[in-house]
Amino acid sequence: VKPDADRLLEIVVEHLLLRIGPALPTAYARSGNLALVALMMALREEFERAAARRFDENRALRNLFAGAAPVVADAELRARLEQAAAGADESLAVSRLEAVNAALRGLLIELHAHVERLESDAARRVDAEIWRELAASTERRRLSIAVF
Amino acid sequence: VSGAREFSQGANRDMILALSAWLMGNAQDRAALDALGRLA
């Protein structure tokens, strides 16, 4: 649809800052308006990447599971990891990508708990890979207006 | 985290909860990773 969401949100921010804000009667109302401005700016950034970051993360998690499965001692968990690794995102709808992401991240927690109990060099490599992925996931979610 | 949950579930619709959740949620995860020496 045109105008696209990015342009629309840019105009909404301008409207809130230059038209609505100055017309508000109290400092409390004006500060609430500024919170909306910040949210619209964050929303604009998130809208642009919403599908891409979920798609990228789901692929990264599947790749991690594929590499980790041979290390896993629990046959039932290994089978679920192999099944997840063989999967693919069949829809790019954000809600569907998010649901798949939640399931994959749940499986990541199970994998992490499992490899932490294993004593082998291969398990330590998987553990390090999981920590790298957790750090990468925060990079994907990072907002430019956030403090850290 | 609790503010994000309350806003998401509709228990509290104050926009400041959404703002703090969006701005601080991921930063909190990053801080935890940093404290564990896993962020670099």
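In case you missed it, the structure is sitting above this.
Basis of the calculations
Residues numbered from 1 in each chain as written. Chains lettered and ligands numbered in written order. Predicted model: local features only at pLDDT ≥ 70, side-chain atom pairs only at ≥ 80, totals over all residues. Heavy atoms only, no water. Helix = DSSP H or I, 4+ residues; strand = E, 2+ residues; numbered from the N terminus. Buried < 20%, exposed > 50% of the residue type's maximum accessible area, 1.4 Å probe, protein only. Areas by Shrake-Rupley, 256 points an atom, 1.4 Å probe, with all protein chains shown as cover. Lys, Arg positive; Asp, Glu negative; His and termini not counted. Charge placed at Lys NZ, Arg CZ, Asp CG, Glu CD. Phe/Tyr/Trp six-rings, centres within 6.5 Å; stacked < 30°, edge-to-face > 60°. Lys NZ or Arg CZ within 6 Å of the ring centre and 35° of its normal. Contact = heavy atoms within 4.5 Å.

Undergrad: So what exactly am I meant to see when it comes to the overall build of chain B here?
TA: When helices and strands are tallied, chain B shows two helices and zero strands. Judged by the C-alpha coordinates and their principal axes, chain B covers about 35 × 15 × 10 Å. Looking at chain B residue by residue over its 40 residues, the buried ones come to 22%. With the model as given, the accessible surface of chain B reaches about 2700 Å², and the carbon-plus-sulfur share is 53%. Of note, chain B has its 4 positive side-chain charges centred 7 Å away from the centre of its 4 negative side-chain charges.

Undergrad: Which parts of the structure should I look at to understand the packing of aromatic side chains?
TA: Aromatic rings considered in pairs are described by the distance between their centres and by the relative angle of their planes. Summed over all chains, the structure comprises zero aromatic pairs over all chains. Geometry around Phe148(A) places Arg30(B) over its ring, the cationic atom sitting 5.5 Å from the centre.

Undergrad: Could you clarify how one ought to interpret the environment of Ala38(A) in this entry?
TA: Along the chain, Ala38(A) turns up in helix 2 (residues 27–68). Among the residues examined, Ala38(A) registers a relative accessible area of 17% and is labelled buried. Along the primary structure Ala38(A) and Val13(A) are separated by 25 residues, whereas in three dimensions their C-alpha atoms are 8.4 Å apart. Filtering out sequence-adjacent residues up to four positions away, Ala38(A) remains in contact with Ile145(A) and Leu19(B).

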